[in-house]
Structure formats: C-alpha cells, structure tokens
Amino acid sequence: MEREHQGCLLLIGTIVVYGAVIFVAYELDIPFLKMIGYMLPALTGSYIGSRYFSTAKQKDKNSFSRRTWGWLILGCLALAAVLAWLLEGRLW
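### A word on the packing of aromatic side chains
In step 1: Within this structure, the stated rule accounts for 3 aromatic pairs.
In step 2: Measuring from centroid to centroid gives 6.0 Å for F32 and W92, while their planes differ by 70 degrees, and the two rings are edge-to-face. Of this pair, F32 sits in helix α2 (residues 31–52) while W92 sits in the segment after α4 (66–88), placing them 60 residues apart in sequence.
In step 3: With a centroid separation of 5.1 Å and an interplanar angle of 85 degrees, the aromatic rings of Y47 and W69 are classed as edge-to-face.

### Describing the confidence of the model for the chain
In step 1: Mean pLDDT over the chain works out to 87, with 96% of the residues at or above the 70 mark.
In step 2: At the level of individual helices and strands, the chain shows its lowest average pLDDT in helix α3 (residues 56–62), which scores 71, and its highest in α4, which scores 92.

### A closer look at the packing of α2 against α4
In step 1: Their axes nearest at 8 Å, the elements α2 and α4 cross at an angle of 155 degrees. One element, α2, and the other, α4, form an angle in the roughly antiparallel class. When you trace α2 past α4, the crossing you get is right-handed.
In step 2: Broken down by class, the residue content of the contact of α2 with α4 amounts to 19 nonpolar, 2 polar and 4 charged.

### As for the packing of helix α1 (residues 2–28) against α2
In step 1: Their axes nearest at 9 Å, the elements α1 and α2 cross at an angle of 175 degrees. Taken together, the axis directions place α1 and α2 in an arrangement best described as roughly antiparallel.
In step 2: Here the contact of α1 with α2 is composed, by residue class, of 14 nonpolar, 6 polar and 4 charged.

### Thoughts on the pattern of salt bridges
In step 1: Within the structure shown, the criterion is met by 2 salt bridges.
In step 2: In this structure, D29 and K34 form a salt bridge, with 3.3 Å as the shortest nitrogen-oxygen distance.
In step 3: In this structure K34 comes out as buried when scored by relative accessible area, which is 9%.
In step 4: For the salt bridge of D29 with R90, the shortest nitrogen-to-oxygen distance reads 2.6 Å. Placement of the pair is D29 in the loop between α1 and α2 and R90 in the segment after α4, with a sequence separation of 61 residues.
In step 5: When its relative accessible area of 37% is taken as the criterion, D29 is described as partly exposed.
In step 6: Owing to a relative accessible area of 28%, R90 belongs among the partly exposed residues under this scheme.
In step 7: Via salt bridges that share partners, D29, K34 and R90 belong to a single interconnected network.

So, how was this worked out
- Residues numbered from 1 in each chain as written.
- Predicted model: local features only at pLDDT ≥ 70, side-chain atom pairs only at ≥ 80, totals over all residues.
- Heavy atoms only, no water.
- Phe/Tyr/Trp six-rings, centres within 6.5 Å; stacked < 30°, edge-to-face > 60°.
- Helix = DSSP H or I, 4+ residues; strand = E, 2+ residues; numbered from the N terminus.
- pLDDT = per-residue confidence, 0-100.
- Axes fitted to C-alpha atoms, helices over the stretch in contact; angles between N-to-C directions.
- Parallel < 35°, antiparallel > 145°, perpendicular 65-115°, else oblique.
- Left-handed = near helix turned anticlockwise from the far one by under 90°.
- Nonpolar A, V, L, I, M, F, W, Y, C, P; charged D, E, K, R; others polar.
- Salt bridge = Lys/Arg side-chain N within 4 Å of Asp/Glu carboxyl O.
- Buried < 20%, exposed > 50% of the residue type's maximum accessible area, 1.4 Å probe, protein only.

Encoded structure:
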C-alpha cells in the first residue's frame, strides 16, 4: 500500500507543476508551453500508473524501458512544437 501512496503523491505533484506551467504560459502568452502543459500530464499519468499501480505480473508484461520513455517524451515535445506552430503560428 505504501507504493501506491507514493505514486499518488507523485502524480498529484506533477499535475500541480503542469498547472503552474499552463498558468505561466497563459500569463506570458507562450504557445509551446501551453501545448506542453496540455500533453505531458497524460504521459506522466501513464508512466506513474504503469510503475506504481500495476501488479508484478503486469509490470513485467507491459513495461517500457527508460529509453522508450525518453523517446516518448521527445516525441511529445516535438508534437507540442508542431501543434504550437500550426495552431498559433509561433513557438514563443
């Protein structure tokens, strides 16, 4: 049960950080940060869910390596840049 509590606190903490990123992005009008604030919480939720809330059998079967998570984050950042450019016409 201790592991689930750690995962829950980590998820709440990251959601608060992304909320602060969205607040700063709207105050400073930075489209790239807006897209990051929208997209990365979903990726964070899936990471924490797979690490902290799955059984050992599910963890072995459905786990990504750290390298794969790194590629997913880079892809998410690239997609955020493309969306910011297409929707707003600028990154900053």
